[in-house]
Amino acid sequence: MDPARNPFRATLGATPPLLVGRNEAVQNFAFALDDGPGAHERISLIVGPRGIGKTVLLNAFEDTAEERGWFVISETATKGFVERIRSEIIRRLARQRSHLKGLGLSIFGVGGSVTWDSTSISEASYSLRNALDDYLAYKASLDRTTGQPASGVFITLDEMHHQRNDELIEFGATIQHLVRERKNIAVAMAGIPSAIKPLLSSQATASEAPNPITFLRRAERVELDRVSDEDVSLALEQPLAESVTTWTGRALETAVNACQGYPFMIQLVGQWAFREAQGRSITREAAERGADKARRKLGQLVHEPALADLSDVDRSFLVFMARDDGPTEIAALKARLDRSDSYVGNYRRRLIDAEMIVEVGRGRIDFALPYLREYLREHAASLVI
Ligand SMILES: Nc1ncnc2c1ncn2[C@@H]1O[C@H](COP(=O)(O)OP(=O)(O)OP(=O)(O)O)[C@@H](O)[C@H]1O
Ligand SMILES: [Mg+2]
């Protein structure tokens, strides 16, 4: 690496120079791949607030799978994702067409495979299920011929909050079938659970048929939280190990405090403190200026869009909470809002599902994102109806 370059990656979705605090999650996933079909963590659902590191954990899972020889398909759950996965598999099979003879793949039974063009191979004649069956069969034969340990196909689906129920149902049912048949399939999904929640809580059908609700319910839930100050310190210091720039005096301590254990802040504070460096030293003053800049960026990149996704009443509820300097007592908030138990209970639940607030002990709630309180106070006038 260029020793003069700023190593921090303050971009959503960008893998950080050092990923901290996620070893256990990555390990558990790796064990599940090694344990063979049926291992619980082969179907995982990563949840947590914005900027906590869901996408980069998916990236780490992908690396783990690739190291073990798995085929990886990386998608977002936006409109058309089932079709995108299907076409991607057709494209990949097309590239290997000379190796597919004699495997009994169903793609040879559909007309379009002669031209190997995914648009002329219709969904009706060749579904996602067919495509995955073929791709898994090809992978198994490849592993047999190369003599490497059997591995399979790993699919990641990010941005589950943009998911479309009909597609998710189709996808879930397909994966459920493959899991039941003990195929070498693994899936990791990530998102904010508010949109998945209605599906999860709807009454599952009593029938034994695979259904997407069971699929999501059984998924291993990986709830991402803030990381420890020791980890923050490591994530700020280690990327500068080979750099000409260094943290001096109490600058590192100042920077760690500003992060509040929140992964996106690690990268923002690191990036801005580095830019504020005097020559080759990040002084304490530089770290302070960097932290200020980082907080403003956090407001633009996280707080503002997160609040924009909410209803007017949700936002007012948060502004009323922000009057407290620490966790809010539900009872006190009820009095402040002059509303009923059920009204407050309803909004409390909505905001927990949206990963905006968390429960901290009985009858108390707090903000899930750092500096949201300060942001709400600053912008209260434009946020309250
Ligand atoms: N464990 C970690 N250690 C260090 N930096 C991290 C860690 N996790 C995430 N980051 C950094 O935090 C930022 C946000 O990560 P990421 O985009 O994965 O969050 P997210 O949860 O997917 O957010 P969103 O809900 O907006 O999609 C990135 O800049 C990333 O490099
Ligand atoms: Mg993300």
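Going by the structure above, here's the rest.
Residues numbered from 1 in each chain as written. Chains lettered and ligands numbered in written order. Predicted model: local features only at pLDDT ≥ 70, side-chain atom pairs only at ≥ 80, totals over all residues. Heavy atoms only, no water.

This brings us to the overall build of the protein chain. Scanning the protein chain from N- to C-terminus turns up 15 helices and ten strands. By principal-axis analysis of the C-alpha atoms, the protein chain measures approximately 70 × 60 × 35 Å. Per-residue burial for the protein chain yields a buried fraction of 51% across its 385 residues. Here the contacts in the protein chain between residues at least 6 apart in sequence split such that 74% fall between residues at least 24 apart. Accessible surface for the protein chain amounts to roughly 18000 Å². Of this, 48% is attributable to carbon and sulfur atoms. (Helix = DSSP H or I, 4+ residues; strand = E, 2+ residues; numbered from the N terminus. Buried < 20%, exposed > 50% of the residue type's maximum accessible area, 1.4 Å probe, protein only. Contact = heavy atoms within 4.5 Å. Areas by Shrake-Rupley, 256 points an atom, 1.4 Å probe, with all protein chains shown as cover.)

Strands sit in the order S8-S10-S9 across an open sheet of three strands; the sheet is antiparallel. Pairing within the sheet leaves two strands with one partner each, and these edge strands are strand S8 (328-329) and strand S9 (357-359). Direction of pairing for S8 relative to strand S10 (residues 364-367): antiparallel, over a ladder of two bridges. Looking at the pairing, Glu329 lines up with Arg364 of S10. (Pairing = 2+ DSSP bridges.)

Our next topic: the site of ligand 1. Taken together, 21 residues are adjacent to ligand 1, and Arg9, Gly13, Ala14, Val20 and Lys54 come closest. A distance of 2.7 Å separates an oxygen atom of ligand 1 from a polar backbone atom of Arg9. In isolation ligand 1 exposes 640 Å². Once the protein is present, 96% of that is buried. Looking at the shell around ligand 1, the elements with two or more residues in it are helix H2 (54-67) and helix H10 (263-275). For the shell around ligand 1, a count of residues per class yields eleven nonpolar, six polar and four charged. (Near = heavy atom within 4 Å. Polar contact = N/O pair within 3.5 Å; in protein donor to acceptor, adjacent residues only side chain to side chain. Nonpolar A, V, L, I, M, F, W, Y, C, P; charged D, E, K, R; others polar.)

In this section: the nonpolar core. Core analysis: the largest hydrophobic core is formed by 78 residues, its most contacted members being Leu236, Trp247, Leu318 and Met356. Membership of the second largest hydrophobic core comes to 40 residues, among which are Ile43, Ala77, Leu128 and Leu168. (Core = buried A, V, L, I, M, F, W, Y, C linked by side-chain atoms within 4.5 Å.)

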